[in-house]
Amino acid sequence: MTDIPAIEADRTLHDRLLDEWGMAVIDGRIRPGDRLPEPELGGETPSRTVTREVTRVLESMGLVNVRRKAGAVVNPIDRWNFFDPQVIRWRLGGTHRLDALRELSQLRAGVEPLAARLAAAAATADQWGTLTRAAVDMVSYSDRANEQDYLDADILFHRTLLESSGNLMFAELGDVVASTLEGRTRHELMPAVANQEALDLHVEAASLIRKGDGAGAEAAMRRIVDESADAIDRIAAA
């Protein structure tokens, strides 16, 4: 029932049931107002403890509401926590993947350029050093941009950027951006070879932040998120 690839033998019943129900809710196979169905786990039956724990996790995400005597009922979409990293992963693994990518891209476009401007004034020497190393690592792994080493460097760059802004609310979006980048790689939406212009812009943004050039850093980061948005549009048109 789940669309998320995994080696089932290496996953607990809890995780498998969480993916089964979560993906079904996100994809609309279980609709608002419906109760969660009986698990379909290849003949395995999770204990009541497992189903109760999974239900609580889904409730914490706003996906279901546990009603006395009615059980777990799927909430309307406006109750869902779309910033939850697991919800993001399910959306990126589902049938509405491109819609999710566009929304996340729009969020990044609204936040990351401003974060770069703020970082030019607020970043510490250690944060700038981390940004620079991450950008260099991205270049080093650019010939396998669809693999884990490149992904780790990319996540580190953007997470550090948000933290370097000095804005605690921006910093809280680190998991959102990380989940977005993970989703692009996990679902084979990243090219094997990174875009050279994007690589250069990551290095440039780190340098401009170090120089304290807020306007320049903001412009470089806007070009980075614009390039990402263009890549999503190309995927949609393919």
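Placed above this text is the structure.
Residues numbered from 1 in each chain as written. Predicted model: local features only at pLDDT ≥ 70, side-chain atom pairs only at ≥ 80, totals over all residues. Heavy atoms only, no water.

**Q** Is there a simple way to think about the pairing of strand β2 (residues 71–74) in this case?
**A** In the case of a regular strand, side chains alternate between the two sheet surfaces. Here strand β1 (residues 64–67) pairs with β2 via four bridges, running antiparallel. Pairing of N65 across the sheet is with V73, part of β2. Hairpin remark: β1 followed by β2, antiparallel, with three residues in the connecting loop; positive phi at K69, about 75 degrees. (Pairing = 2+ DSSP bridges. Helix = DSSP H or I, 4+ residues; strand = E, 2+ residues; numbered from the N terminus.)

**Q** Explanation requested: unusual backbone geometry in the structure shown.
**A** Positive phi outside glycine occurs at E188, with the angle close to 60 degrees. Assignment of secondary structure puts E188 in the loop between α8 (174–186) and α9 (196–211). Accessibility expressed as a relative area gives 71% for E188, which makes it exposed. (Buried < 20%, exposed > 50% of the residue type's maximum accessible area, 1.4 Å probe, protein only.)

**Q** Where do I start with the environment of M190 in this structure?
**A** Its location among the elements puts M190 in the loop between α8 and α9. Taking the C-alpha atoms as reference points, M190 and L151, separated by 39 residues in sequence, lie 9.8 Å from one another. Beyond its immediate sequence surroundings of up to four residues, M190 is in contact with A145, N146, Y150, R184 and T185. (Contact = heavy atoms within 4.5 Å.)

**Q** What should I look at first to understand the packing of aromatic side chains in this one?
**A** Describing an aromatic ring pair means giving the distance of the ring centres and the angle of the ring planes. Taken as a whole and judged by the stated rule, the model has one aromatic pair. Aromatic pair W80 and F82: ring centres 5.8 Å apart, planes at 45 degrees, arrangement tilted. The class for W80 is buried, based on a relative accessible area of 11%. For F82, a relative accessible area of 31% puts it in the partly exposed group. Looking at R210, its charged tip hangs above the ring of W128, at a distance of 5.4 Å from the centre. (Phe/Tyr/Trp six-rings, centres within 6.5 Å; stacked < 30°, edge-to-face > 60°. Lys NZ or Arg CZ within 6 Å of the ring centre and 35° of its normal.)

**Q** Looking at this structure, I do not really get the pattern of salt bridges. What am I missing?
**A** Pairing of side chains with opposite charge becomes possible as their charged atoms draw close. With the rule as written, the count across this model stands at 12 salt bridges. For the salt bridge of R29 with D27, the shortest nitrogen-to-oxygen distance reads 3.8 Å. A relative accessible area of 14% places D27 in the buried class. E197 is paired through a salt bridge with R223; the nearest N and O atoms lie 3.2 Å apart. Here R223 lies in helix α10 (residues 214–237) and E197 lies in helix α9, a separation of 26 residues in the sequence. Each of D99, R102 and D233 takes part in one network of salt bridges that share partners. (Salt bridge = Lys/Arg side-chain N within 4 Å of Asp/Glu carboxyl O.)

**Q** Can you walk me through a negative patch on the surface in this structure?
**A** Where like charges cluster on the molecular surface, the negative patch consists of D137, E147, D149 and D152. As for its position among the elements, D137 is in helix α5 (residues 125–140). (Patch = residues over 30% accessible without salt bridge, like charges linked within 9 Å, V, L, I, M, F, W, Y side chains within 5 Å. Areas by Shrake-Rupley, 256 points an atom, 1.4 Å probe, with all protein chains shown as cover. Lys, Arg positive; Asp, Glu negative; His and termini not counted. Charge placed at Lys NZ, Arg CZ, Asp CG, Glu CD.)

**Q** Looking at this model, I keep getting lost on the nonpolar core. Mind explaining?
**A** Nonpolar side chains in soluble globular proteins generally cluster together in the buried interior. Of all hydrophobic cores here, the largest spans 41 residues; its most connected members are Y150, F157, L161, L162 and M221. When neighbours within four sequence positions are excluded, Y150 is seen to be in contact with M138, Y141, S142, R144, A145, M190, A194 and L199. Within the second largest apolar cluster, 21 residues are counted, among which are W21, V25, L41 and L58. (Core = buried A, V, L, I, M, F, W, Y, C linked by side-chain atoms within 4.5 Å.)

**Q** Looking at this structure, how should I read the packing of helix α3 (residues 85–92) against helix α4 (residues 97–122)?
**A** With their axes 7 Å apart at the nearest point, α3 and α4 run at an angle of 135 degrees to one another. When the axis of α3 is compared with that of α4, the two are oblique. Contacts between α3 and α4 pair I88, R91 and L92 from the former with R97, A100, L101, E103 and L104 from the latter. In the contact of α3 with α4, the residues fall into five nonpolar, no polar and three charged. (Axes fitted to C-alpha atoms, helices over the stretch in contact; angles between N-to-C directions. Parallel < 35°, antiparallel > 145°, perpendicular 65-115°, else oblique. Nonpolar A, V, L, I, M, F, W, Y, C, P; charged D, E, K, R; others polar.)

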